[in-house]
Structures are given as structure tokens and as C-alpha cells.
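The lines below spell out each chain.
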Amino acid sequence: MSEFSSETSKVGVIGCGLMGAGIAETCARTGLDVVVIENSHGAAQAGRDRLEKSVSRAEAKGKIASAADVLDRIQIGTDLDALADRTIVIEAILEDETTKTELFRRMDAIVTDRDAILASNTSSIPIIKLAVATSRPEQVIGVHFFNPVPVLSLVELIPSFLTDPATTERARAFVHTGLGKHAIDCQDRAGFVVNALLIPFLLSAIRMVEGGFASPEDIDEGLVRGCSHPLGPLALTDLIGLDTTKAIAESLYEEYKETQYACPPLLARMVDAGLLGRKSGRGFYTYS
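Residues numbered from 1 in each chain as written. Predicted model: local features only at pLDDT ≥ 70, side-chain atom pairs only at ≥ 80, totals over all residues. Heavy atoms only, no water.

Caption draft 1: Main features of the nonpolar core. Of all hydrophobic cores here, the largest spans 36 residues; its most connected members are V11, V34, V143, F145 and F174. The element that contributes the greatest number of residues to this core is helix α1 (residues 18–29), accounting for 5 residues. In contact with F145, not counting residues within four places along its chain, are M19, I23, I90, N121, L154, V155, F174, L179 and K181. Ranked by size, the runner-up nonpolar core spans 23 residues in total, among them A190, L203, L234 and A235. (Core = buried A, V, L, I, M, F, W, Y, C linked by side-chain atoms within 4.5 Å. Buried < 20%, exposed > 50% of the residue type's maximum accessible area, 1.4 Å probe, protein only. Helix = DSSP H or I, 4+ residues; strand = E, 2+ residues; numbered from the N terminus. Contact = heavy atoms within 4.5 Å.)

Caption draft 2: Local environment of helix α8 (residues 216–227). When the terminal C-alpha atoms of α8 are compared, their 16 Å separation across 12 residues agrees well with the 16 Å that a helix rising 1.5 Å per residue should span. As for α8, its buried residues are in contact with α7 (194–210) and α9 (233–240). S228 lies just past α8 and shows a positive phi near 60°. (Expected span 1.5 Å × (residues − 1).)

Caption draft 3: Focus on the pairing of strand β8 (residues 182–185). Of the strand pairs in this sheet, strand β7 (residues 154–159) and β8 are connected by 4 bridges, and their pairing is parallel. For L154, the partnering residue across the bridge sits in β8 and is H182. For the handedness criterion, the β-α-β arrangement of β7, helix α6 (residues 165–178) and β8 is classed as right-handed. (Pairing = 2+ DSSP bridges. Right-handed = clockwise from strand over helix to strand, strands pointing away.)

Caption draft 4: Looking closely at the layout of surface pockets. Counted as a void, the second largest pocket has a volume near 220 Å³. In terms of lining residues, the second largest pocket is bounded by 13 residues, among which E97, I125, E250, S251 and E254 are the most central. Ranked by the residues each element gives to the lining of the second largest pocket, the list is headed by helix α10 (residues 242–256), at 5 residues. Residues that form the lining of the second largest pocket fall into these classes: 4 nonpolar, 2 polar and 7 charged. Looking at the lining of the second largest pocket, you find at least three residues from each of domain 1 (10–185) and domain 2 (195–279). (1 Å grid on protein atoms, 1.4 Å probe; cavity = no way out; pocket = protein on both sides within 12 Å on 5 of 7 lines; lining within 4 Å. Points joined across faces, edges and corners; volume = space filled by probe spheres on them. Nonpolar A, V, L, I, M, F, W, Y, C, P; charged D, E, K, R; others polar. Domains from an automatic or database assignment.)

Caption draft 5: Spotlight on a nonpolar patch on the surface. On the surface, a cluster of nonpolar side chains totalling about 380 Å² of accessible area is made up of V132, F161 and L162. Its place among the elements puts L162 in the loop between β7 and α6. Taking relative accessible area as the criterion, L162 reaches 43% and is therefore assigned partly exposed. (Patch = residues over 30% accessible without salt bridge, like charges linked within 9 Å, V, L, I, M, F, W, Y side chains within 5 Å. Areas by Shrake-Rupley, 256 points an atom, 1.4 Å probe, with all protein chains shown as cover. Salt bridge = Lys/Arg side-chain N within 4 Å of Asp/Glu carboxyl O.)

Caption draft 6: View of the sheet that holds strand β1 (residues 10–14). The strand order across the open sheet formed by 8 strands is β3-β2-β1-β4-β5-β6-β7-β8, and the pairing between neighbours is mixed. Looking at strand neighbours, the two that pair on one side only are β3 (74–77) and β8, the edges of this open sheet. Across the sheet, the mean angle separating the axes of adjacent strands is 25° when strand polarity is ignored. Bridge count between β1 and strand β2 (residues 33–37): 5 bridges; the pairing is parallel. Note that in β2 the partner of V11 across the bridge is V34. Lying over the sheet, helix α4 (residues 97–110) contacts β1, β4 (88–91), β5 (117–120) and β6 (140–145), oriented at roughly 165° with respect to β5. (Axes fitted to C-alpha atoms, helices over the stretch in contact; angles between N-to-C directions.)

Caption draft 7: How the structure looks around the UniProt feature "site: Important for catalytic activity" (unreviewed entry) in the protein. If you check UniProt for "site: Important for catalytic activity" (unreviewed entry), the listed places come out as H144 in our numbering. In this structure H144 touches S120, N121, T122, S123, L154, V155, E156, I158, F192 and N195, once residues within four positions along its chain are discounted. In terms of polar contacts, H144 uses its side chain to reach the side chain of E156, at 2.8 Å. (UniProt positions renumbered as here; feature names shortened; annotations may be inferred. Polar contact = N/O pair within 3.5 Å; in protein donor to acceptor, adjacent residues only side chain to side chain.)

Caption draft 8: Region of the structure containing the packing of aromatic side chains. Taken as a whole and judged by the stated rule, the model has 1 aromatic pair. Aromatic side chains Y256 and Y261 sit 5.3 Å apart centroid to centroid with 35° between the ring planes, which places their arrangement in the tilted category. (Phe/Tyr/Trp six-rings, centres within 6.5 Å; stacked < 30°, edge-to-face > 60°.)

Caption draft 9: Structural view of unusual backbone geometry. Cis geometry marks the peptide bond from N147 to P148; its omega dihedral reads 0°. Relative to the elements of secondary structure, P148 occurs in the loop between β6 and β7. A positive phi angle is found at F192, which is not glycine, with a value near 55°. One can find F192 in the loop between β8 and α7. A positive phi angle is found at S228, which is not glycine, with a value near 60°.

Below, the structure written as C-alpha cells:
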């Protein structure tokens, strides 16, 4: 089995929301051929608009030489069959185990290269549950990026019990050589490394707001000015998405049954109200 080659590899990305678009842009910036699949023409157009705005900003800031060149390397469509020739496919859809599992079944049937890496950008769902939905669990691995993907250098690699070590090393080569990012190794436990530490911290901040101890502004200012955090926990929750934060918390609680992972009622009610953070224009803060 050959190592990952940035010159020949064909990347597929499923989902073109914040994470999927960021992954696609990062791959295209490094010269890779990218096919992105969304579940509707409207979502595909929204993804294209998101990518165009992002690469235009990057060009204006001198981060890339040509936004047009990056966009030329990305094809966006709605037909999963377009992923048939991909050598790595990265799933970046909503954080729902049933939906992701069904998608991996379909990916298994569509991607013709039996050595292709089938990867998930899940924040918390056990990789083994996705792997066993396929006929090639040895090729399935978690490749978890962080938002904003073009900016943050970290990627978590999460092999399951059934992942072939060669798949892990090819994924590592993809991250290091193909994308110029840094990978850390994680066990296949809910939350992996970063979210298992981060989510209880965010939930504690939400409980402080819920209990009336302090306002979001004061909590965030305290962590930024007192602990040198670049962003306060409530602003970070808005950036991640309150729905995503809730989904990760529920996955962590399901696995560990520890109260620190329990979803605060305030978070649940805000998600029910559609107050999802930056993506919806309002969360703990309001965005224009």
C-alpha cells in the first residue's frame, strides 16, 4: 500500500458547511483536486458562496496568490457517485450518528479504490460505529479538523480497533505532507482529546450564565484578560455552534455518564429556539 501522495491524491469532502468548506479550501490551497458533495442544490450553492467569500478574503490578505486558482480545484455537486474515483473521502456532515452511519454505508458502495481512506470529521462519535457500517473497516479513520480549518493547524487522528496501521500512517502523511498541518493521535473515545477537555469548560461557562453568576461578556472578558485566552468560552461556543456543542456534550455524557458532560437546560432551550451562534446570527451574542 503506497504512502499518500499530494501530487496524485483525489480528495472528496461530503458537506460544505463551515467545516466541510474549510476542509475543501485547505485541500485546494495545497494543490489537491477536490470534489465536494452536498445534499441539495441550494446547500451546494450556499457552500460555493461560502468558499468564494473565504478565498477572496484570503487573497485580499495575501494568504493565497489566486482565489480563482483555488476555486478551480474544487468541484461542488449533489451526486455521491462523483466520489467514485477519490483516494480519500472526508465526511463533514451534521453530528448525528444514524445519518453518518448510513452515509458510510453509501460511501463504501461508491468509492471504487479499495485502498481509499474513508474518514470522518466527527467531533465525538466513536469511529468504530462508522467503520463497522462498511465492508472495509480497516480503511476507516477519524480525521478531525478544527474551525476555522484554513487557520488552525491541529488535526486529531483517531483510528478504531479495526483501523489498519498503514491507514493511520497514510492519513498522517495526508495531514503533514499534503496539508502542512500537525496531527496528534487519539484513542477512539467520545470527544477524543480536545473536546473531552474543552466541552466541560464551555458547559461550566454556560451554567454560570444560567445561574446568574455573571454575564457572557464578563465571563469572556475574564478568561481573555485573566487567562490570555484568545476567545472567551461563550464566544467560542457561538463560533463552534450551540447545536454542535450540545451534540458533543450528549455524546460525551452517553459514553462517560459524568455530570460535567450533562447538557445545561439553557443550552438545550437556546438550540430549540434556533439560537445557534454565529451560523444563525444569534447565540450568547448577536451577529450582523
